[in-house]
Every structure is written in structure tokens, then in C-alpha cells.
Amino acid sequence: MEVAERNLQHVHERIARACAACGRPVRSVTLLAVSKTFPAEAVRKMHAAGQRDFGENYVQEGLAKIEALADLRGDLQWHLIGPLQSNKTRPVAEAFDWVHSVDRLKIAERLAAQRPAHLPPLQVCLQVNIDEEASKSGLSLQALPEVAQAVAALPAQSLRLRGLMTIGAPSDDSAARRRTFATLARALAALQAQGLALDTLSMGMSADLEDAVAEGSTLLRVGTALFGGR
Ligand SMILES: *Cc1c(COP(=O)(O)O)cnc(C)c1O
């Protein structure tokens, strides 16, 4: 078996065990393969092994891979998961399917305005900095409700707010990791209670995916466990 296939199978087994442990259907969790720093050919192999959603951190690197893999374009989904500056929104609006890292209304407005009319709406998550780490971008929990309402009100044919994303602070303590994810899940529930039709919790990576599944993650962003160390 190819390494890509073996790694993918192993991650699927971890997800299945995590889902079984908390009584969730496996189908309620989507696996996003984070291919940053790995070449387009590594994505091609992972695609051949059955993987369909891929995440990139850096705009230029992601655009280069999207172009190199143009022959597969109709059969995979590209997600931007890294910081996005307002002067880089246009190529992102033109090339990606999802953006997980929206942390300001202005970025969402630009993405909506720049999304080409012939494409389906850009799928968007708001990034929340739950642990308030200075090194990470993301909205504070306090700022979230107002920004979420404003983003949800942008033209539906251009942009659709799907949910929330967070990066858990590295910790050896599973209970601490779960608290972060539980806080994001509560924030999503609060927005749903305010009438927003959201369905996505983008949380959990190679080291903490079990904790994220236990707290309701619907989209795991996994790099190292699939592609190896960076
Ligand atoms: C790199 C990255 C990941 C994947 O991390 P791994 O620990 O390699 O699984 C997930 N989310 C974001 C935002 C990242 O930058």
C-alpha cells in the first residue's frame, strides 16, 4: 500500500473510533487534508487514495497547487485555512471553494464582491481566537455575534457563512483542549439560536482530533498525520 493510502486509512480509523466513542455517525465529520509545504504531487497521490478536500495556509502556495492540479479541479475542494490580508482577497475569491480564516467583516465583504458570478457561493467560516493567544489571528468571542450577523447578511449568491473555526492552543491536557473546542461549539449554538443557519465547526488537527470530535467538530484539518512532518 502507498504511504498516502496507509496514512489516510489510519486517520479514518482514528476518526471512526472517536465517533464511536461519543455516538456520532462517521459521516458527520469531514476530513480536510492540510497540504501546506507539500508539493502538488503529494496532493495528487492523496486524491488518488480517495481524499477530496484539501487545505492550504498560504495564498500563493495554494494558488500554485490549484493551477498545477487543474485537471482534477472538478473533483476536489480547496480550502484556505491561513491568514488572509485584504490585498490578497481577489485571487482567493476566484480560486478557492472555502475560506476558514475570515476574521473581519471587511475581508468577507471583499470576498463577496470579488466572487465571480459563474462560481457557487464561497463557503466561509469565521476564525475565533478562543484562547486569546496573541500569536494567533481570529475574532474574540465578544466581537463574534455582530460580525457573524453582518457576514451572514452579505449576498447569498456570492458568499455563504457556514460556521466557525478555531486553532486549539497546544496542551498536554486533554481536558484543556476539550474546553477550547466546547467553547467554540457553544458559540456556534448561540449564533444558531439567533437565527443563523450554520452547520460547520472547523476544529481539530493531527494532535487533537479525538478531542475535537468529542466536542462536535464537523471538519477536521489534518496535515502531519496524513503527509508526514513539515
Ligand atoms: C497546519 C495547520 C493544520 C494542520 O496541522 P497538523 O498538526 O499538521 O495536523 C490545521 N489547521 C491550520 C490552521 C494549520 O495551519
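Before reading further, recall that the structure is shown in the block above.
My aim in this report is to walk through the structure given alongside it, one point at a time. (Residues numbered from 1 in each chain as written. Predicted model: local features only at pLDDT ≥ 70, side-chain atom pairs only at ≥ 80, totals over all residues. Heavy atoms only, no water.)

**Side note on the overall build of the protein chain**
Each helix and strand counted, the protein chain has 9 helices and 8 strands in total. Over its C-alpha trace the protein chain gives a radius of gyration of 17 Å, about what one expects of a compact globule, namely 17 Å for 230 residues. Expressed along its principal axes, the backbone C-alpha trace of the protein chain runs to roughly 50 × 40 × 30 Å. Residues counted as buried form 51% of the 230 residues belonging to the protein chain. (Helix = DSSP H or I, 4+ residues; strand = E, 2+ residues; numbered from the N terminus. Rg over C-alpha atoms; globule rule 2.2 N^0.38 Å. Buried < 20%, exposed > 50% of the residue type's maximum accessible area, 1.4 Å probe, protein only.)

**Focus: the environment of Phe96**
Relative to the helices and strands, Phe96 resides in the loop between helix H4 (89–95) and strand E4 (98–102). In this structure Phe96 comes out as buried when scored by relative accessible area, which is 1%. Between the alpha carbons of Phe96 and Arg115 there is a distance of 9.7 Å; along the sequence they are 19 residues apart. Apart from the residues lying within four places of it in its own chain, the contact partners of Phe96 are Glu56, Gly62, Leu63, Ile66, Arg73, Trp78, His79, Leu80, Arg115 and Leu122. (Contact = heavy atoms within 4.5 Å.)

**Considering the pattern of salt bridges**
Opposite charge on two side chains permits them to pair, given that their charged atoms come into close proximity. Throughout the structure, instances matching the rule amount to 11 salt bridges. A salt bridge links Arg44 to Glu41; the shortest N-O distance between them is 3.5 Å. Here Arg44 pairs with Glu41, and both are found in helix H2 (residues 40–48), just 3 residues apart, close to one helical turn. The class of Arg44 is partly exposed, set by a relative accessible area of 24%. Among the ionic pairs, Arg162 bridges to Asp199, the shortest N-O distance being 2.9 Å. (Salt bridge = Lys/Arg side-chain N within 4 Å of Asp/Glu carboxyl O.)

**Topic: the nonpolar core**
If you look at the biggest cluster of nonpolar residues, it comprises 65 residues, and the most contacted ones within it are Leu111, Leu126, Leu144, Leu164 and Leu226. Residue contacts for Leu111: discarding those within four places in its chain leaves Leu84, Thr89, Val92, Ala93, Val99, Val102, Leu122 and Leu159. Listed in part, the 7 residues of the second largest apolar core include Leu32, Val34, Trp98 and Cys125. (Core = buried A, V, L, I, M, F, W, Y, C linked by side-chain atoms within 4.5 Å.)

**Looking at unusual backbone geometry**
Although it is not a glycine, Thr37 sits at a positive phi angle of roughly 75°. Within the secondary structure layout, Thr37 lies in the loop between strand E1 (30–34) and H2.

**Points about the pairing of strand E3 (residues 77–80)**
In this structure, strand E2 (residues 53–56) lies alongside E3, joined through 4 bridges in parallel fashion. Bridge pairing in E3 links Asp53 to Gln77. In this fold, E2 hands off to helix H3 (residues 59–68), which returns the chain to E3; that crossover is right-handed. Here 2 bridges tie E3 to E4, and the two strands are oriented parallel to one another. Bridge pairing in E4 links Leu80 to Val99. The handedness of the E3 to E4 crossover, carried by H4, is right-handed. (Pairing = 2+ DSSP bridges. Right-handed = clockwise from strand over helix to strand, strands pointing away.)

**Observations regarding the side chain of Thr166**
Following the sequence through the fold, Thr166 ends up in the loop between strand E6 (159–165) and helix H7 (174–193). Residue classification places Thr166 among the buried residues on the basis of a relative accessible area of 1%. In this structure the side chain of Thr166 is engaged in a polar contact, spanning 2.7 Å, whose partner is the backbone oxygen of Val128. (Polar contact = N/O pair within 3.5 Å; in protein donor to acceptor, adjacent residues only side chain to side chain.)

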